[in-house]
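Chain by chain, the residues:
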Amino acid sequence: NICLHNRFIHLDVDFKIEEGKSVPVVKGINELKDSLNFDECCKCIADSAWCTEKMSKYPLFLYLNLNYDKYFKNASNRIANSLINHFSDRWPDIKYKNGFQLPDNTYGNLALELLSNFIGKVIILANYDNETNDKTNDKTNDNTKINGPRDNGSYLNELINSFIY
């Protein structure tokens, strides 16, 4: 799809244990056994996303739907390493890092930014936290969804430009 000029890529990311290490993988719906190595996916995307002059004139949105418990920082760190290895020359301006957090600790809206700020760049998006209050020992105990940025560890969170519900 990248060669067909697709500029928004959605990856369902999980991890599996190989030789005692958590290895990030990209999977289809309910399929962990037929998963692809996340690092290999990043390499393929990086090698293809800007291969023509026309494609290099647009940003690439890479949405990571992180399907593992946020407490697996080891998996998050491996994801961050892959992103750095394959996309570090394509980061947007530093002000967009860490969920595009503003000085007042609120989050900016990438949709309000000029597209020209992202020409030839990769914008990393991630899912919000979808835990319920009972899992987080919240005093309300009402089982409502908590929607907020996931705590993926600072290493990965610094690379994320925005979060999606």
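Before any of the text, the structure's been laid out above.
What counts as what
Residues numbered from 1 in each chain as written. Predicted model: local features only at pLDDT ≥ 70, side-chain atom pairs only at ≥ 80, totals over all residues. Heavy atoms only, no water. Salt bridge = Lys/Arg side-chain N within 4 Å of Asp/Glu carboxyl O. Helix = DSSP H or I, 4+ residues; strand = E, 2+ residues; numbered from the N terminus. Disulfide = S-S within 2.5 Å. Buried < 20%, exposed > 50% of the residue type's maximum accessible area, 1.4 Å probe, protein only. Axes fitted to C-alpha atoms, helices over the stretch in contact; angles between N-to-C directions. Parallel < 35°, antiparallel > 145°, perpendicular 65-115°, else oblique. Left-handed = near helix turned anticlockwise from the far one by under 90°. Contact = heavy atoms within 4.5 Å. Nonpolar A, V, L, I, M, F, W, Y, C, P; charged D, E, K, R; others polar. Polar contact = N/O pair within 3.5 Å; in protein donor to acceptor, adjacent residues only side chain to side chain. Core = buried A, V, L, I, M, F, W, Y, C linked by side-chain atoms within 4.5 Å.

Undergrad: Explain the pattern of salt bridges here, please?
TA: Side chains bearing opposite charge may pair, as long as their charged atoms lie close to each other. Overall, the coordinates contain five salt bridges when judged by the stated rule. In this structure, Lys43 and Asp47 form a salt bridge, with 2.7 Å as the shortest nitrogen-oxygen distance. Taken together, the residues span about one helical turn, with Lys43 and Asp47 both in helix 1 (residues 38–49) at a distance of four residues. For Glu113, the salt bridge goes to Lys95, with nearest N and O atoms at 3.8 Å.

Undergrad: Sorry, what's going on with the state of the cysteines here?
TA: Each disulfide consists of a covalent bond between the sulfur atoms of two cysteine residues. Enumeration over the complete set of coordinates arrives at zero disulfides. The structure places no disulfide on Cys41, whose sulfur is separated from the nearest cysteine sulfur, that of Cys42, by 7.0 Å. The exposure class assigned to Cys41 is buried, which follows from its relative accessible area of 13%. Cys44 takes part in no disulfide bond, and the closest cysteine sulfur to it belongs to Cys41, at a distance of 7.3 Å. A residue is classified by how much of its surface remains accessible, and Cys44, at 48% relative accessible area, is partly exposed.

Undergrad: Where do I start with the packing of helix 1 against helix 2 (residues 73–87) in this structure?
TA: What describes two packed helices is the angle between their axes and the distance between those same axes. Their axes nearest at 9 Å, the elements helix 1 and helix 2 cross at an angle of 20°. The angle between helix 1 and helix 2 places the two elements in the roughly parallel class. The element helix 1 and its partner helix 2 pack so that their crossing is right-handed. The segment helix 1 lies against helix 2, with Phe38, Asp39, Cys42, Lys43, Ile45 and Ala46 engaging Ile79, Ser82, Leu83, His86 and Phe87. Classifying every residue of the contact of helix 1 with helix 2 gives seven nonpolar, two polar and two charged.

Undergrad: I tried to follow the side chain of Ser48 on my own but got confused; where do I start?
TA: Tracing the backbone through its elements, the reader meets Ser48 in helix 1. Overall, the relative accessible area of 18% leaves Ser48 in the buried class. Looking at Ser48, its side chain comes within polar contact range of the main-chain oxygen of Cys44, at 3.0 Å.

Undergrad: Can you help me understand the nonpolar core in this one?
TA: In a soluble, globular protein the nonpolar side chains are often hidden away together inside. Among the nonpolar cores identified, the biggest contains 28 residues, and Leu11, Phe38, Leu62, Leu64, Ile79, Leu83 and Phe87 are the most heavily contacted of them. For this core, the elements supplying multiple residues, two or more each, are strand 1 (8–18), helix 1, strand 4 (60–66), helix 2 and strand 5 (122–127). Tyr63, Tyr96, Leu110 and Ile123 belong to the second largest nonpolar core, which has six residues in total.

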